[in-house]
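Coordinate analysis (summary)
Spelled out, the chains give:
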Amino acid sequence: MAPTDDTGQLSQHPSPFGTTPPAKPPADGAAAPPPARMPRWLPRAMVLALALFGAFQLGSWAFHQLTGLLINIVIAFFLALAIEPAVSWMAARGMRRGLATALMFLAVIVVSAGFVTLLGSMLAGQIITMVEEFPAYLDSVINWINAHFETDLKRVDIQEGLLRSDWLRNYVQNSATGVLDVSAQVIGGLFQLLTITLFSFYFAADGPRLRRALCSVLPPAKQAEVLRAWEIAVNKTGGYLYSRGLMALISGIAHYVLLQSLDVPYAPVLAVWVGLVSQFIPTIGTYLAGALPMLIAFTVDPWYALWVLIFVVLYQQFENYVLQPKLTAKTVDVHPAVAFGSVVAGTALLGAVGALIAIPAIATLQAFLGAYVKRYDVTDDPRVHGHRGRRTGGPGLLTRVRRTWARPSGGEAPSSENDKG
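Heads up: these notes are all about the structure in this document. (Residues numbered from 1 in each chain as written. Predicted model: local features only at pLDDT ≥ 70, side-chain atom pairs only at ≥ 80, totals over all residues. Heavy atoms only, no water.)

With that settled, consider the nonpolar core. Formed by 13 residues in total, the largest nonpolar core has its most connected members in Ile83, Val87 and Met104. If one sorts the elements of this core by residue count, helix α2 (residues 67-91) sits on top with 7 residues. What Ile83 contacts, discounting residues up to four positions off in sequence, is Thr101, Met104, Phe105, Ala204 and Tyr242. Counting residues in hydrophobic clusters, the runner-up holds 10 residues, among them Val264, Leu270, Ala297 and Val312. (Core = buried A, V, L, I, M, F, W, Y, C linked by side-chain atoms within 4.5 Å. Buried < 20%, exposed > 50% of the residue type's maximum accessible area, 1.4 Å probe, protein only. Helix = DSSP H or I, 4+ residues; strand = E, 2+ residues; numbered from the N terminus. Contact = heavy atoms within 4.5 Å.)

Okay, structure coming up:
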């Protein structure tokens, strides 16, 4: 039974079972309390939350739609940084920046077109040779099968079977469909290349104007920081490109001399291939680049492939310990492990483009942080130098071994001050 007060009404005290009895009804003539109202800030907060969510969704959609354009702009920016030193050098001698940038791009286009033409001619020549020699190769395979398995195969029967097979018909149909896909990819690649070229031309030709526009919206202290970061990026990116280009030239000349002395066909284009791939793919680029000359040399003589492999390994050691430290000490001083990790990360993020711009990007970041991170003198501790300190409890193992060998035969070891007492 619920408790009651002196007037016989239900008490307002909470029930021991956790339930609250109904409130006392108002007296006759008394106004009922107004109902609870929604806080004034709640509708505004809901509208603001919906607006922020909509803006986030719109920005995410726009970012995904413009990812390709943003990647092209990043590539164009690094390309402009790479040719900035040469453009500034020509502009300082009276040439207009637009003309200097156009000359640089013309040189890059000529070199790239020449390399692609030489590589394409080599591949086309190898394909033609394979097609011409395929019947003889097929005859040798058929003769070997007939001799070892006592069969009576003929090349004409095999060719007719292939021409009438469903596999060849399906392959031709799929190839016809793939040609359209390849054509679309080629057109898209040309449009992407044109976009990168235009943006990089504007970034390089209007570099000072772009820096002035960026600094005009920043306070003086921030302007100095931005200009310093820009200068570091230009020096590191340009230094990386020029040092790698010089090492690619030296590597190409060295491999050309070897391939020409061995009478390996297409020695010039193979040398250019080795020089470019070995320098712009760090750590493993030399071995990847050397695979193609080894394959071509194997077709001439298997021993030539072995000589090419030995030369590639020896030249890699010469480059790592003699050539590269002298050429990149003042331009891009990045640890090989850091360089390889940055290339892997760049490849995962941007593919082949990320692999190309990863090292100058990490070198720029390293130089920028090195200019502002405070460093301290390292304590003179043996563990810093890679070995543990000596224990003072007695002579070490090496000392005891030396004393044993120095002890004369049949005699006793000479006593020392530590052995006394």
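Back to the write-up after that little detour.
This part takes up the pattern of salt bridges. When charged atoms on two side chains of opposite charge get close, those side chains can pair. Per the stated rule, a full pass over the model turns up 2 salt bridges. Among the ionic pairs, Arg97 bridges to Glu84, the shortest N-O distance being 3.1 Å. Of this pair, Arg97 sits in helix α3 (residues 97-149) while Glu84 sits in helix α2, placing them 13 residues apart in sequence. Notably, a salt bridge pairs Arg211 with Glu84, separated by 3.7 Å at the nearest N-O pair. Here the residue Arg211 occupies a position in helix α6 (residues 207-215), and Glu84 occupies one in helix α2, the gap between them amounting to 127 residues. Accessibility classification places Arg211 together with Glu84 in one group, the buried group. Where salt bridges share partners, they join Glu84, Arg97 and Arg211 into one cluster. (Salt bridge = Lys/Arg side-chain N within 4 Å of Asp/Glu carboxyl O.)

Within the structure shown, the criterion is met by 9 aromatic pairs. Between Phe77 and Phe78 the ring centres are 6.3 Å apart and the planes differ by 85°, which places this aromatic pair in the edge-to-face class. Taking relative accessible area as the criterion, Phe77 reaches 27% and is therefore assigned partly exposed. Between Phe77 and Phe203 the ring centres are 6.0 Å apart and the planes differ by 85°, which places this aromatic pair in the edge-to-face class. Of the two residues, Phe77 sits in helix α2 while Phe203 sits in helix α5 (residues 166-205), which places them 126 residues apart along the sequence. What links up through ring pairs into an aromatic cluster is the set Phe77, Phe78, Phe199, Phe203 and Trp230. (Phe/Tyr/Trp six-rings, centres within 6.5 Å; stacked < 30°, edge-to-face > 60°.)

So, about empty space enclosed by the protein. Evaluated as defined, the whole model comprises 1 cavity of 30 Å³ or more. As a volume, the largest cavity reaches approximately 40 Å³. Residue lining of the largest cavity: Phe77, Ala80, Leu81, Glu84, Phe203, Ala204, Gly207, Arg211 and Trp230, and that is the complete set. Contributions of two or more residues to the lining of the largest cavity are made by α2, α5 and α6. It is α2 that provides the largest number of residues to the lining of the largest cavity, a total of 4 residues. Class assignment of the residues belonging to the lining of the largest cavity gives a composition of 6 nonpolar, 1 polar and 2 charged. (1 Å grid on protein atoms, 1.4 Å probe; cavity = no way out; pocket = protein on both sides within 12 Å on 5 of 7 lines; lining within 4 Å. Points joined across faces, edges and corners; volume = space filled by probe spheres on them. Nonpolar A, V, L, I, M, F, W, Y, C, P; charged D, E, K, R; others polar.)

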